[in-house]
Amino acid sequence: MTARKFFSSPWRVLGYAVLVVITLLWLVPFITAVLTSLRTNDDIMLRGFLALPKTITINSFVEAWKRGGLSKYLPNSFIITIPSLILTLFLSSLSAYALARFRFTGNRLIFFLYVGGTMLPFQVLMLPVFRLTDALGLYDTYWGLIGIHTAFQLGFCTFLLRNYMRTVPGEILESARIDGCGEFRIWWQIMMPLTLPAIAALATLEFTWIFNDYLWAIVLLRSDALKPVTAGLATLQGQYVMDWTVIVAGALLATVPTVLVFIFLQRYFIEGLTLGATKG
Amino acid sequence: MVRRQTLSKLTPYLFLIVPLVIYLVWVIGPMFYTFYLSLTDWDGLIDPHFIGLRNYQRLFKDPVFYTSLENNLKWIASFITVPVVVGLALAMALNHSIPGEKFFKASFYSPLVLSLVVSGLIWSWMYHPANGLINSVLRQVGLDALAKGWLSSENLVMWAIIAVAIWRQAGYVMVLYLAGLQGVDPGLVDASKVDGCNGWQTFRHVIFPLLAPITVIVVVISIIDSLRAFDLVSVMTRGGPYNSSSVLANFMYIEAFNNYKMGYGAAISVILFLISAVFIFIYLYRVLQTEMEY
């Protein structure tokens, strides 16, 4: 529809105006954050938030990055997120294939364990997992976090991939089977390529979720040097109690990776979100 | 031949074994172990001793427990109304191609990309009593009386935090409804218009009923998310002032990891689990229903 035709009715113009106002209100936190991070704390304290800034500076970003520790927290987030993501996608594609393509005792029960587990409040797992990592010598290491992320996200990933794999026509797999293809080759060479769109959507979503985790990071890590950026920001907040420009600049820096993912992979991100809820 | 058959019977289990063992050890097992821990005096250091139901007896007398429960209920009540209405309205508005559609959609999705920690920090700053955006604007337009200590007032703090959660959730609900609207047959909508329905009537009697399955999912997910609420409270107030913004998840964390009453913390998680379980079962039941349609 052309803009001119769209705005032909006054009600439409009014409705559109309301939409614009609401959208701008929704963006206020982002605008506030960017404007704050570019000012100095003194400037805001002395002249008020609404005053025009006297100086524009990126010092707060430098401060948050260097002394605030973002330069170590952000890489930590990647060190935790990437292996968790790869492991959980790989393992869930195995279990999803079994659940989608084979009839066997316990199929539905296992499926429901995965789906139900997805919904558990983390608090229900927290103390035993804390004890488990301690017993395995994984407490206060990256691997403890990688372990719980991989395991917990298996539920959602299996659920989603299994539903997707069920939509692949059986004839393709059957003809491969007749040609004498082993099951693992069918899974890897035929099913996996066909499942790629779902895996892409899932990977985008899971990256954001694991990257943004805060609770497990504060439960399973103690050393400041290992903390991912979410837990790091909480430390930063304690360190710069009054210096909001540095805290906000840190928060913005922490957001860069997920925002980049969102900008470039928005379609997959949204697909992942909807796949999860509407197929269920 | 027999060997081949047993082998093919084993195949699904071969695929499942590794992920399932990991899942059982890290997720399902711990769930049950929490029940056991809730019956002990575990403090995180020495081995847990069985003490029966004493943690629960204490819990049911603890005023913070009731405050937390009430706050979770406030959270649920807000979550199944405000973001659902806003999200549905946005989905209805953005379901047609309108100028700037992509920009609008991206604006409402964007809070979903931020971690709750980041959202909590940015909003804490906006709520700042002296220099935050909200009070600055209120004072600027002469509404000084409305410029409150949003996070320091016991009556306001919970709502101030829930507002942040709503800001984030509305976009998610919109995404779900937009997907649902894709499945609405345009023929039915046209037919209702031919029959003389106005826009509202078409929505009320045709579109909304067709979206019912999505609405059920949205409501169930919203309730479960409300019960999981932790990060925002932890970052913005730690449950304060005087526990007025405590929610069960946060109450549990503080008792277990700050006060080292891990057995007591486990008892809180069990209660949290029992409340969640009701909704998890509703959700599983819906999944089962769609399974039958295959």
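Only a predicted model underlies this, so the values are computations on that prediction, with no experimental measurement involved.

1. Focus: the overall build of chain B
Here is step 1: Summing up its helical and strand segments, chain B has 14 helices and 0 strands in all.
Here is step 2: Reading the helices (α) and strands (β) of chain B from amino to carboxyl end gives α-α-α-α-α-α-α-α-α-α-α-α-α-α.
Here is step 3: Here chain B has a C-alpha radius of gyration of 24 Å; the compact-globule value for 294 residues is 19 Å, and the former is much larger.
Here is step 4: Judged by the C-alpha coordinates and their principal axes, chain B covers about 80 × 70 × 30 Å.
Here is step 5: Out of the 294 residues belonging to chain B, those deemed buried represent 44%.

2. Here we look at the overall build of chain A
Here is step 1: Broken down by element type, chain A carries 13 helices and 0 strands.
Here is step 2: What you see in chain A, going N to C, is helices and strands ordered as α-α-α-α-α-α-α-α-α-α-α-α-α.
Here is step 3: Computed over the C-alpha atoms, the radius of gyration of chain A is 24 Å, more than 25% above the 19 Å expected from 2.2 N^0.38 for a compact globule of 280 residues.
Here is step 4: Structurally, chain A occupies a C-alpha span of about 75 × 65 × 30 Å along its principal axes.
Here is step 5: Per-residue burial for chain A yields a buried fraction of 49% across its 280 residues.
Here is step 6: For chain A, long-range pairs separated by at least 24 residues make up 78% of all intrachain contacts whose partners lie at least 6 apart in sequence.

3. Structural notes on the domain arrangement of chain A
All names here are of chain A.
Here is step 1: By domain assignment, chain A separates into domain 1 (3-62) and domain 2 (71-278).
Here is step 2: The gap between the C-alpha centroids of domain 1 and domain 2 is 34 Å.
Here is step 3: Opposite the 10 residues of domain 1 that make contact, domain 2 presents 9 residues.
Here is step 4: Of all the secondary structure elements, the ones that give two or more residues to the side of domain 1 that touches domain 2 are α2 (10-37), α3 (41-47) and α4 (59-66).
Here is step 5: Sort the elements by how many residues they give to the side of domain 1 that touches domain 2 and α2 lands first, with 4 residues.
Here is step 6: Of the residues belonging to the side of domain 1 that touches domain 2, the class tally is 4 nonpolar, 5 polar and 1 charged.

4. Some remarks on the nonpolar core
Here is step 1: Core analysis: the largest hydrophobic core is formed by 170 residues, its most contacted members being Val248 and Ala251 of chain A together with Leu121 and Ile161 of chain B.
Here is step 2: In terms of residues, this core owes the most to one element, helix α8 (residues 157-182) of chain B, which gives 17 residues.

5. Brief notes about the interface of chain B and chain A
Here is step 1: The interface of chain B with chain A comprises 75 residues on the first partner and 76 residues on the second.
Here is step 2: Considering every element that reaches the side of chain B that touches chain A, the biggest residue donor is helix α1 (residues 2-37) of chain B, with 17 residues.

6. Digging into the environment of Ile122 of chain B
Here is step 1: In this structure, Ile122 of chain B sits in helix α6 (residues 116-126).
Here is step 2: Not counting residues up to four positions away in its chain, the partners in contact with Ile122 of chain B are Pro29, Thr32, Ala33, Val248 and Ala251 of chain A.

7. As for the domain arrangement of chain B
Here is step 1: By the assigned domains, chain B splits into domain 1 (1-26) and domain 2 (67-247).
Here is step 2: On a C-alpha basis, the centres of domain 1 of chain B and domain 2 of chain B stand 44 Å from each other.

8. Things to note about the packing of helix α3 (residues 63-79) of chain B against helix α11 (residues 212-228) of chain B
Residue and element names in this part refer to chain B.
Here is step 1: At a closest axis distance of 9 Å, the pairing of α3 and α11 adopts a crossing angle of 150°. One element, α3, and the other, α11, form an angle in the roughly antiparallel class. In the packing of α3 onto α11, the handedness of the crossing is right-handed. Within the contact between the two elements, α3 uses Asn72, Trp75, Ile76 and Phe79 and α11 uses Ser222, Ile223, Asp225, Ser226 and Leu227.
Here is step 2: In terms of residue class, the contact of α3 with α11 is built from 5 nonpolar, 3 polar and 1 charged.

9. Focus on α8 of chain B
All names here are of chain B.
Here is step 1: Counted at 1.5 Å a residue, the expected span for α8 with its 26 residues is 38 Å, and the 39 Å between its end C-alpha atoms agrees.
Here is step 2: Its maximal kink placed at Gln169, α8 deviates by approximately 30°.
Here is step 3: In terms of residue burial, α8 counts as a mostly covered element, since 21 of its 26 residues are buried.

10. With respect to unusual backbone geometry
Here is step 1: Across the junction of Gly240 of chain B and Pro241 of chain B, the peptide omega takes the value -10°, indicating a cis bond.
Here is step 2: Structurally, Pro241 of chain B is set in the loop between α12 (231-236) and α13 (248-258).
Here is step 3: The phi dihedral of Asp140 of chain A is positive, around 60°, even though this residue is not glycine.
Here is step 4: Here Asp140 of chain A is to be found in the loop between α7 (123-135) and α8 (142-165).
Here is step 5: Classification of Asp140 of chain A by C-beta neighbours within 10 Å gives partly exposed; the count is 14.
Here is step 6: Here Arg238 of chain B, not a glycine, exhibits a phi torsion of approximately 55°, which is positive.
Here is step 7: Within the secondary structure, Arg238 of chain B is located in the loop between α12 and α13.

Reading the values: the criteria
- Residues numbered from 1 in each chain as written.
- Chains lettered and ligands numbered in written order.
- Predicted model: local features only at pLDDT ≥ 70, side-chain atom pairs only at ≥ 80, totals over all residues.
- Helix = DSSP H or I, 4+ residues; strand = E, 2+ residues; numbered from the N terminus.
- Rg over C-alpha atoms; globule rule 2.2 N^0.38 Å.
- Buried ≥ 20, exposed ≤ 12 C-beta atoms within 10 Å, placed from the backbone.
- Contact = placed C-beta atoms within 7 Å.
- Domains from an automatic or database assignment.
- Nonpolar A, V, L, I, M, F, W, Y, C, P; charged D, E, K, R; others polar.
- Core = buried A, V, L, I, M, F, W, Y, C linked by C-beta atoms within 7 Å.
- Axes fitted to C-alpha atoms, helices over the stretch in contact; angles between N-to-C directions.
- Parallel < 35°, antiparallel > 145°, perpendicular 65-115°, else oblique.
- Left-handed = near helix turned anticlockwise from the far one by under 90°.
- Expected span 1.5 Å × (residues − 1).
- Bend = angle between axes of the 7 residues up to and from the residue.

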